[in-house]
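Single-letter residue listing:
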Amino acid sequence: MKAFQVGRRPVTLVLLSALVVGWTGATAGWPGPRWRVWERAFEDQLLVLRGPRQPPGEVVVVPVDDATLQQGSWFEQNRQIPAWARGIGTLPWPRAAYGQVAARLLEAGAAAVAINVVFAGPSRHGPADDAAMEAILRAHPGRIALAAEMLESSDQQGSGALTLVRPEAFIAALGGQDVLGLTNTPLREPGGRSLHPEAYGRGLLPAQGVKSFPALSGILLQRAGRRSRQNDPLTALNVYGPEGSFRRLPAWEVLDPSRWRPHPQRGALAGVLVVVGPVVAQGDDGYPTPFGSLSGLELLATATANSLQGDGLRSWPSSNRDRALLAAVPLLLAAGLSLALALVRRALVWRLGVIAGILLLQVAIAGLALQQRQLWWPLLAPAAGLGLLALVHGGDAYLLEERERRRLRRTFERYVAPGVVAEILADPEAAQGILRGRLLDVTVLFADLKGFTELTRQRSLAGESELHVSQLNTYLGAMVEVITAHGGTVDKFIGDAVMAVFGSPVGRGVLVEARAALACALAMRQALAELNRSWESEGICRLDNGVGLASGQVVVGQIGSPRRMEFTVIGDTVNLASRLEGLTRSLQRPVLLDRTTAERLDPALGLPLSLGMQAVKGMGELEVFGPATADPPAATAVSTALSTAVPTAVSTDLAAAMAAADPARQGSVAVDVPGAEHEAEAVKDPVAVKDLAISDDPAATSDPPGAASC
């Protein structure tokens, strides 16, 4: 600590303080990718602390929600279907029903209505449905906004193409495609904000050499004779709260004449802007925000309200240089006062008190700017810089301890998920013992592709090695995602085989790990079925795999030479799992498990079925078991039943796992979000936009996987 004694080394304090100030300015003005992620997370937390805001009453949401669908289903079940309720019990809705909702809202005084549904191609309810919708549009010229969608697809070589999907049948009634609005919005990238939908049509598209296209929210404002009070393409969405924050009026209440005539909200629709579209229960799906996932319809209402009020989020100052200078000001003040106190030999508590006071003042100013002006000041970098100043004046003891923790973290993160690493690092001494080696009772999983060697030979002769590697990487990436989601640790890849361990380096109990392993095996089969469906649509060979499970004691630790170490498990249990996987071919069972694993399963589920004594290579005859079913879709229910009792230790980001497995997917910036219907069958690669509209095509069913063959 001599280097920090004020009397002996004042120059050291000055240099270190100058370095901290310079670092703070550079980080605030030109942050790196990881820092931007932290800054956005910090900003989100401040928004949550600020709490929900009252959205403007001028924007109303009319959802086709679960209550509306249930109302239509009730009429159908009782065979008493009035004209207004025909076809509203299921999606996609008749287009005339949407038109009727819009017409009644306009008749009640609404300024304009936007329908968040892409009416692509002819109506599935017949030509009369399209004709009725067209008549409604002509009866209300310039007051109904319809949606279009930009689809982006790419091939295996990374070449992409943009396709505009629009309501062809109604363009003439609308007066041309210039009055259509896109439902696309940019995906929130790591470290970025939730951008306004106009950032896609008026920002991303022109940047790719495509003509700019307005968003549906902008068209709604235009049709209502309103203008945005902000620069939408450069503004982030400022959500008002969780799903359901806006004033809502269920669609069935508008359609039902007996309900609509005396409706208390009917008289409050004068001059409002209304968004109409499907909003069904979607769980964690949707557009992520600090207040939870939002549906596409709620997001459309948020974008419209932000433009109407001009209260979207903006960074201030806008230039990198000015942000750097603004962030450095509190650091210069804190460093100067702290150094002055150090020169007069004031106690450390005085210096730390000055730094803490300036930090609180900085947070208060930034919070006030966010609350009152919707401005985001540089906050995280100055706060971190002030913390660094406190560390400089407080000593380096904490830095030494943190350096040791980082070393252990780097060691374990090469083998296990971050969530498991955090649990290990809670006891650093125990972490060292894990590395040296110990006995653990675990469940080992082996999964191997069937017929893959022959497929490799065929494709090598056909010059399709690149396709072969790409398909294998996609498969392995999906398997890793399933294993991690069930709390397992991927031990190694052996060609096309995957070895995973449940219960190492930390466990949740042998019963829990065995059940998690079986649930994982069934989920892997389901995931492969979904991959096969996708590959078949692209003319690529199907794959099939076998899974072996074995439970028992293994030796866990770092094994290898001084030049190359590997954290792994060894023992008879590992060999048995591999042998059982091999037996899946001769027994024609996709999943096999040993007696120990079978005994650890919940008897109430009645899952393990004895397949009798079987000759296991190198181990004699052993009793082998299999689940009641292991092929989709029946296995899905079994896997779900198992998973409900298994606490998940770690989780994974599917987009990141697939990007690591398939380089062609790297650089993705968007996926689809439920929120409206899409009536055209089109293959969309999630590489450009997050779509506010959903497809109204029925979901395809998964086929069971087959052997690797063309």
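Above: the structure in question.
Parameters at a glance
- Residues numbered from 1 in each chain as written.
- Predicted model: local features only at pLDDT ≥ 70, side-chain atom pairs only at ≥ 80, totals over all residues.
- Heavy atoms only, no water.
- Helix = DSSP H or I, 4+ residues; strand = E, 2+ residues; numbered from the N terminus.
- Buried < 20%, exposed > 50% of the residue type's maximum accessible area, 1.4 Å probe, protein only.
- Contact = heavy atoms within 4.5 Å.
- Phe/Tyr/Trp six-rings, centres within 6.5 Å; stacked < 30°, edge-to-face > 60°.
- Pairing = 2+ DSSP bridges.
- Axes fitted to C-alpha atoms, helices over the stretch in contact; angles between N-to-C directions.
- Parallel < 35°, antiparallel > 145°, perpendicular 65-115°, else oblique.
- Nonpolar A, V, L, I, M, F, W, Y, C, P; charged D, E, K, R; others polar.
- Salt bridge = Lys/Arg side-chain N within 4 Å of Asp/Glu carboxyl O.

### Some points on the overall build of the protein
A tally of regular secondary structure across the protein gives 24 helices and 19 strands. In the protein, which comprises 710 residues, the proportion classed as buried is 50%. Pairs at least 24 apart in sequence give 73% of the contacts found in the protein among residues at least 6 apart.

### Observations concerning the packing of aromatic side chains
This structure, assessed with the given rule, holds 8 aromatic pairs. On the numbers, 5.5 Å between centres and 80° between planes, the contact of tyrosine 240 with phenylalanine 246 is edge-to-face. Phenylalanine 246 sits in the buried class, given a relative accessible area of 3%.

### Points about the pairing of strand 15 (residues 564-570)
Pairing of strand 14 (residues 545-561) with strand 15, which is carried by 7 bridges, proceeds in the antiparallel orientation. Counterpart to isoleucine 559 in the pairing with strand 15 is glutamate 566. In this structure, the hairpin formed by strand 14 and strand 15 is closed by a connection of 2 residues.

### Regarding the packing of helix 18 (residues 452-461) against helix 19 (residues 465-485)
It is at 8 Å that the axes of helix 18 and helix 19 come closest, and there the two elements cross at 150°. Relative to helix 19, the element helix 18 is oriented roughly antiparallel. Contacts from Phe452, Leu455, Thr456, Arg459 and Ser460 of helix 18 reach helix 19 at Ser465, Leu467, His468, Gln471 and Leu472. Split into classes, the residues belonging to the contact of helix 18 with helix 19 amount to 4 nonpolar, 5 polar and 1 charged.

### Points about unusual backbone geometry
Look at the link from leucine 91 to proline 92: it is a cis peptide, with omega at 5°. For proline 92, the location among the structural elements is in the loop between helix 3 (66-77) and helix 4 (95-107). Cis geometry is found at the peptide bond from tryptophan 316 to proline 317, where omega equals -5°. Note on placement: proline 317 falls in the loop between strand 9 (314-315) and helix 12 (320-343). Positioned with a positive phi, glutamine 374 is a non-glycine residue whose angle comes to about 60°. For glutamine 374, the position within the fold is in the loop between helix 13 (348-373) and strand 10 (375-376). With relative accessibility at 10%, the residue glutamine 374 sits in the buried group. For glutamine 588, which is not a glycine, the phi torsion comes out positive at approximately 55°. Along the chain, glutamine 588 falls in the loop between helix 21 (572-587) and strand 16 (591-594). Given the relative accessible area of 66%, glutamine 588 is considered exposed.

### Describing the pattern of salt bridges
For the structure on display, the rule yields 25 salt bridges. Salt-bridge contacts for arginine 166 lead to glutamate 168; the nearest nitrogen and oxygen are separated by 2.7 Å. In this structure arginine 166 comes out as partly exposed when scored by relative accessible area, which is 25%. Taking the relative accessible area as the measure of exposure, glutamate 168 reaches 48% and is therefore partly exposed.

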